[in-house]
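One-letter residues, chain by chain:
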Amino acid sequence: MPRIVVDVMLKPEILDPQGKAIVGALPRLGFTAFSAVRQGKRFELTVDGEVTDEILAQAREAAETMLSNPVIEDVVNVEVVAD
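About the thresholds
Residues numbered from 1 in each chain as written. Predicted model: local features only at pLDDT ≥ 70, side-chain atom pairs only at ≥ 80, totals over all residues. Heavy atoms only, no water. UniProt positions renumbered as here; feature names shortened; annotations may be inferred. Salt bridge = Lys/Arg side-chain N within 4 Å of Asp/Glu carboxyl O. Helix = DSSP H or I, 4+ residues; strand = E, 2+ residues; numbered from the N terminus. Buried < 20%, exposed > 50% of the residue type's maximum accessible area, 1.4 Å probe, protein only. Contact = heavy atoms within 4.5 Å. Core = buried A, V, L, I, M, F, W, Y, C linked by side-chain atoms within 4.5 Å. Patch = residues over 30% accessible without salt bridge, like charges linked within 9 Å, V, L, I, M, F, W, Y side chains within 5 Å. Areas by Shrake-Rupley, 256 points an atom, 1.4 Å probe, with all protein chains shown as cover.

In the nomenclature of an unreviewed UniProt entry, the chain corresponds to Phosphoribosylformylglycinamidine synthase subunit PurS from the organism Arthrobacter psychrolactophilus. Here the chain is described in UniProt, under the heading Catalytic activity (unreviewed entry), as follows: "N(2)-formyl-N(1)-(5-phospho-beta-D-ribosyl)glycinamide + L-glutamine + ATP + H2O = 2-formamido-N(1)-(5-O-phospho-beta-D-ribosyl)acetamidine + L-glutamate + ADP + phosphate + H(+)".

Structure below.
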């Protein structure tokens, strides 16, 4: 069954305390190549049957209105992933 993947990230101007904690921990674990981390959310919406333009539009609307908080988050990706 195909899935629609939605990625949501904090807006650039919003502080990301989890990302700061992760970037602080990486060097202690031996990962020294990374200078910044922003954490986001990923949603996978499973579709029964074919993903039509209408279903993809519904996914985009759900992403903007329910899966994200538009005050502090941006929907950065909505894509179909076939299994």
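From this point, the discussion proceeds with the structure in view.
### Digging into the pattern of salt bridges
Under the counting rule described, the total for this entry stands at four salt bridges. For the salt bridge of Arg 3 with Glu 44, the shortest nitrogen-to-oxygen distance reads 2.9 Å. Residue Arg 3 is found in strand E1 (residues 3–10), and its partner Glu 44 is found in strand E2 (residues 40–46); the two are separated by 41 residues along the sequence. A residue is classified by how much of its surface remains accessible, and Arg 3, at 18% relative accessible area, is buried. Given a relative accessible area of 42%, Glu 44 falls into the partly exposed group. Glu 44 is paired through a salt bridge with Arg 42; the nearest N and O atoms lie 3.0 Å apart.

### Let's talk about the environment of Val 37
Mapping Val 37 onto the fold places it in the loop between helix H1 (17–25) and E2. For the pair Val 37 and Val 23, spaced 14 residues apart in sequence, the C-alpha separation works out to 5.6 Å. When neighbours within four sequence positions are excluded, Val 37 is seen to be in contact with Asp 16, Gly 19, Lys 20, Ile 22, Val 23 and Leu 26.

### Regarding helix H2 (residues 53–67)
Among the residues of H2, Leu 56, Ala 59, Ala 63 and Leu 67 are the ones counted as buried. In this structure, the buried side of H2 is in contact with E1, E2 and strand E3 (73–81).

### Structural notes on the nonpolar core
Counting 10 residues, the largest nonpolar core is built from Ile 4, Val 6, Val 8, Val 47, Val 51, Leu 56, Ala 59, Ala 63, Leu 67 and Val 78. Taken together, the elements giving at least two residues each to this core come down to E1 and H2. Counting residues per element, this core draws most heavily on H2, which supplies four residues. Once residues within four sequence positions are removed from consideration, Leu 67 is found in contact with Val 6, Val 8, Lys 41, Phe 43, Leu 45, Ala 62 and Glu 73.

### Here's the deal with a nonpolar patch on the surface
Together, Leu 29, Phe 31 and Phe 34 make up an exposed nonpolar region whose accessible area comes to about 350 Å². The residue Leu 29 is located in the loop between H1 and E2 in this model. According to the relative accessible area criterion, Leu 29 is exposed, its value standing at 62%.

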